[in-house]
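Structural overview for review
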Amino acid sequence: MLPTFQENIEDIRKKLTEIGESLVKANSIILEALQSCNEKEFQEARNSIKNISSKADAIDNAIIKVLALYTPEAKDLRRVVAYFKINNELSRACSNTRNFIRGFSDLCKDLDVKEINEYAILMQTSTLKAIATTVKMLSSDDIDELQEMYEEVLIEENKADDLYGLIERKLVQEAEGSSTFEKYHQMLKALRKSEKIANRAISVANLLLYIEIGGNIHK
């Protein structure tokens, strides 16, 4: 007997949650690694999101199969479409995380990051909270609870944006007249990846609200 539509959807949600939890774990380890530029911890964070592309591909295939077998309508269709987009956002957030690890860990021993970390650790804390709250949203179907968690994600995403702006100004000041200007520029690019992870979190949170209330998909 073929699994029902609901069984397939629950399996997809479970797999999305697993990717989300791996993303949370990686960014939690990064938060610790930032404080001491610990290469071993950065590597552990990388390992937490290994093989995400193959997992994301498997979810895409499962979604296509559901569409072909059940031709869902109304709210069911919204859920399938949203899960397809969420899978992409989580996959890209994992890619942003890998790029951040590579960029930051390559440079943090070459530059004086003590003052940078004053803001970078706060930014990573907000990014982590945004991701963790978004992953919790995946397991909820209660509209009021989803709205509340969405607001939490939005607050943390805004904090990450503001802190990135502070870091950007700080790095520009540090780089002026410095012989290591290119390295400061590369550090800024790496930190931008961390800020983008929070952007992905709010996109996922918006999609999870869309499932329940419909309307337009927007940030």
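Residues numbered from 1 in each chain as written. Predicted model: local features only at pLDDT ≥ 70, side-chain atom pairs only at ≥ 80, totals over all residues. Heavy atoms only, no water.

So, about unusual backbone geometry. One non-glycine residue, Cys 37, adopts positive backbone phi at about 50 degrees. Relative to the helices and strands, Cys 37 is located in the loop between helix H1 (5-34) and helix H2 (39-48). For Cys 37, a relative accessible area of 11% corresponds to the buried category. Backbone geometry at Ala 74 places phi at a positive 55 degrees, although glycine is not the residue there. If you trace the backbone, Ala 74 turns up in helix H4 (residues 74-107). (Helix = DSSP H or I, 4+ residues; strand = E, 2+ residues; numbered from the N terminus. Buried < 20%, exposed > 50% of the residue type's maximum accessible area, 1.4 Å probe, protein only.)

Along an α-helix, a turn takes 3.6 residues, which lines up residues three or four apart on a common side. Burial in H2 covers these residues: Glu 41, Phe 42, Ala 45 and Ser 48. Angular distribution of buried residues about the axis of H2 spans 110 degrees; they occupy a single face of the element. Where the residues of H2 are buried, they touch H1 and H4. Measuring from the side-chain oxygen of the N-cap residue of H2 to the backbone nitrogen of Lys 40 gives 3.0 Å; that N-cap residue is Asn 38. (Arc of directions from axis to C-beta. Contact = heavy atoms within 4.5 Å. Polar contact = N/O pair within 3.5 Å; in protein donor to acceptor, adjacent residues only side chain to side chain.)

Tallying each qualifying case throughout the model produces 3 aromatic pairs. Ring centres 5.7 Å apart and planes at 75 degrees place the aromatic pair Phe 5 and Tyr 70 in the edge-to-face group. Note that Phe 5 is positioned in helix H1 and Tyr 70 in helix H3 (residues 52-70), a separation of 65 residues in sequence. The exposure class assigned to Tyr 70 is partly exposed, which follows from its relative accessible area of 25%. Put simply, the rings of Phe 42, Phe 100 and Phe 104 touch in pairs and so form one group of aromatic residues. (Phe/Tyr/Trp six-rings, centres within 6.5 Å; stacked < 30°, edge-to-face > 60°.)

A few words now on the side chain of Ser 48. Mapped onto the secondary structure, Ser 48 falls in helix H2. In contact with Ser 48, other than residues within four places in its own chain, are Ser 22, Lys 25, Ala 26 and Ile 29.

This part takes up the packing of H1 against H4. Direction vectors running N to C along H1 and H4 enclose 20 degrees, while the axes themselves pass 10 Å from each other. In this view, H1 runs roughly parallel relative to H4, as classed from their interaxial angle. The interaxial crossing formed by H1 with H4 has left-handed handedness. The residue makeup of the contact of H1 with H4, split by class, is 18 nonpolar, 4 polar and 3 charged. (Axes fitted to C-alpha atoms, helices over the stretch in contact; angles between N-to-C directions. Parallel < 35°, antiparallel > 145°, perpendicular 65-115°, else oblique. Left-handed = near helix turned anticlockwise from the far one by under 90°. Nonpolar A, V, L, I, M, F, W, Y, C, P; charged D, E, K, R; others polar.)

On to a negative patch on the surface. Together, Asp 142, Asp 144, Glu 145, Glu 148 and Glu 152 make up a negatively charged patch on the protein surface. Looking at the secondary structure, you find Glu 145 in helix H6 (residues 143-175). The partly exposed category is assigned to Glu 145, whose relative accessible area is 40%. (Patch = residues over 30% accessible without salt bridge, like charges linked within 9 Å, V, L, I, M, F, W, Y side chains within 5 Å. Areas by Shrake-Rupley, 256 points an atom, 1.4 Å probe, with all protein chains shown as cover. Salt bridge = Lys/Arg side-chain N within 4 Å of Asp/Glu carboxyl O. Lys, Arg positive; Asp, Glu negative; His and termini not counted. Charge placed at Lys NZ, Arg CZ, Asp CG, Glu CD.)

What follows concerns the environment of Leu 154. Structurally, the position occupied by Leu 154 is in helix H6. When the C-alpha atoms of Leu 154 and Glu 195 are compared, they prove to be 13 Å apart, with 41 residues separating the residues in sequence.

In this section: the pattern of salt bridges. Throughout the structure, instances matching the rule amount to 10 salt bridges. Put simply, Glu 10 and Arg 13 hold a salt bridge, and the shortest N to O gap is 3.0 Å. Pair noted here: Glu 10 and Arg 13 are both in helix H1, with a separation of 3 residues, about one helical turn. Arg 79 is paired through a salt bridge with Asp 141; the nearest N and O atoms lie 3.6 Å apart.

This paragraph deals with the side chain of Arg 13. Residue classification places Arg 13 among the buried positions, given a relative accessible area of 10%. In this structure Arg 13 touches Arg 79, Tyr 83, Leu 138, Ser 139, Ser 140 and Asp 141, once residues within four positions along its chain are discounted.

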